[in-house]
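Notes for the structure review
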Amino acid sequence: MGYQVKTIGEKAFDGAPAQTVSITAQVPPTAPNNTFSSYTGKLWLQDPGDESVMLAYLDAYTCWDRFESYALIAPEKVVCDVASFNGKPGDTFTLSPKFTPENTTLKKVFWRSTNPDIATVDADGVVTLRGGKEVASRAAESCQIIGETLYADVPAIEVAVSNAGGSGATGPGDEPGTGDDDDPNTSGINEIDYQADYEVYNLGGVKVGNSVEGLEHGFYIVRQGATAKKIAIK
């Protein structure tokens, strides 16, 4: 349960065989004693390290004091592999959030688009640029893909999206649209070191391998850490 939860109704989890309850609300939600039918599971909370949140739940004197509570490993920060994405209608790109530390307990990210006319995003972070007769006239409109976690006080991920006719991705802190100016078929950030480990994806965001050798003709996205580059295999 996320940090926005404020109230849980009676018998909301009646009969649920939950062995673990995880909640990141810093203030204990209002919940009657019969919210859960079993209190033998462990209650995991987002505590800042001084047990203040766990003590607040213990002192709530509703259903929460019946659990034995533990502290979740909360993220220090959550960032995305790219800061912006642009392309033509129909292009797709899969966003990959990175949690620090890596052993963060709950890594779920909830994605939404601020302008579905320009781009949509599904539950797995796959962004699709929209098509249609009116899209070209609206290409300059702003669109952000927002990713929010379950944790309180963790800034949301923001990725800028446009269908300005190009195609590519820029990493966090880079200017949108930068890339390899020598080759119109490539765009991205920095350069790929093909002597080091990297991954290759098709334009649908599906990983096709770890090498450009033997690829069929077409366009691909090569990713190496925070670096992404579109290449053409001819």
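Residues numbered from 1 in each chain as written. Predicted model: local features only at pLDDT ≥ 70, side-chain atom pairs only at ≥ 80, totals over all residues. Heavy atoms only, no water.

Our next topic: the pattern of salt bridges. Scanning the model with the defined rule gives four salt bridges in all. A salt bridge links aspartate 81 to arginine 223; its shortest N-O distance comes to 2.3 Å. With aspartate 81 in the loop between strand E4 (77–80) and strand E5 (84–86) and arginine 223 in strand E16 (residues 218–224), this residue pair connects regions lying 142 residues apart in the sequence. For the pair aspartate 81 and arginine 223, one class covers both residues: buried. Arginine 112 is the partner of glutamate 148 in a salt bridge, and the nearest nitrogen-oxygen pair spans 3.9 Å. Here glutamate 148 is found in strand E11 (residues 144–148), whereas its partner arginine 112 is found in strand E8 (residues 110–113), with 36 residues between them in sequence. (Salt bridge = Lys/Arg side-chain N within 4 Å of Asp/Glu carboxyl O. Helix = DSSP H or I, 4+ residues; strand = E, 2+ residues; numbered from the N terminus. Buried < 20%, exposed > 50% of the residue type's maximum accessible area, 1.4 Å probe, protein only.)

This structure, assessed with the given rule, holds eight aromatic pairs. Taking 5.8 Å as the distance between ring centres and 70° as the angle between the ring planes, the aromatic pair formed by phenylalanine 36 and tyrosine 39 counts as edge-to-face. The burial state of phenylalanine 36 is the same as that of tyrosine 39; both residues are buried. Taking 5.4 Å as the distance between ring centres and 75° as the angle between the ring planes, the aromatic pair formed by tyrosine 57 and tryptophan 64 counts as edge-to-face. Of the two residues, tyrosine 57 and tryptophan 64, neither departs from the other in class, the shared state being buried. Sitting over the ring of tyrosine 70, lysine 42 keeps its end group 5.1 Å from the ring centre. Looking at arginine 66, its charged tip hangs above the ring of tyrosine 39, at a distance of 5.2 Å from the centre. (Phe/Tyr/Trp six-rings, centres within 6.5 Å; stacked < 30°, edge-to-face > 60°. Lys NZ or Arg CZ within 6 Å of the ring centre and 35° of its normal.)

With four bridges connecting them, strand E2 (residues 42–45) and strand E3 (residues 68–71) associate as parallel partners. Bridged to leucine 45 within E3 is alanine 71. Regarding the hand of the β-α-β motif, the stretch spanning E2, helix H1 (residues 52–58) and E3 is right-handed. (Pairing = 2+ DSSP bridges. Right-handed = clockwise from strand over helix to strand, strands pointing away.)

Counting 26 residues, the largest nonpolar core has Leu95, Trp111, Val127, Ile145, Val159 and Val161 as its most contacted members. Mapped onto this core, the elements with two or more residues apiece are E4, strand E9 (119–121), strand E10 (126–129) and strand E12 (157–162). Those residues in contact with tryptophan 111 that lie beyond four places of it in its chain are Cys80, Leu95, Pro97, Val121, Asp122, Ala123, Asp124, Gly125, Ile145, Ile146, Gly147 and Ile157. If you look at the next biggest cluster of nonpolar residues, it comprises 15 residues, including Ile23, Tyr39, Leu45 and Met54. (Core = buried A, V, L, I, M, F, W, Y, C linked by side-chain atoms within 4.5 Å. Contact = heavy atoms within 4.5 Å.)

Moving on, we come to the sheet that holds strand E17 (residues 227–233). Here four strands make up an open sheet; going across it, the order is E15-E14-E16-E17 and the pairing antiparallel. The open sheet has two edge strands, strand E15 (207–209) and E17, and neither has a second partner. Each neighbouring strand pair of the sheet contributes to a mean axis angle of 35°, computed without reference to strand direction. Bridging between E16 and E17 involves seven bridges; their strand directions are antiparallel. The residue of E17 that forms the bridge with arginine 223 is alanine 228. (Axes fitted to C-alpha atoms, helices over the stretch in contact; angles between N-to-C directions.)

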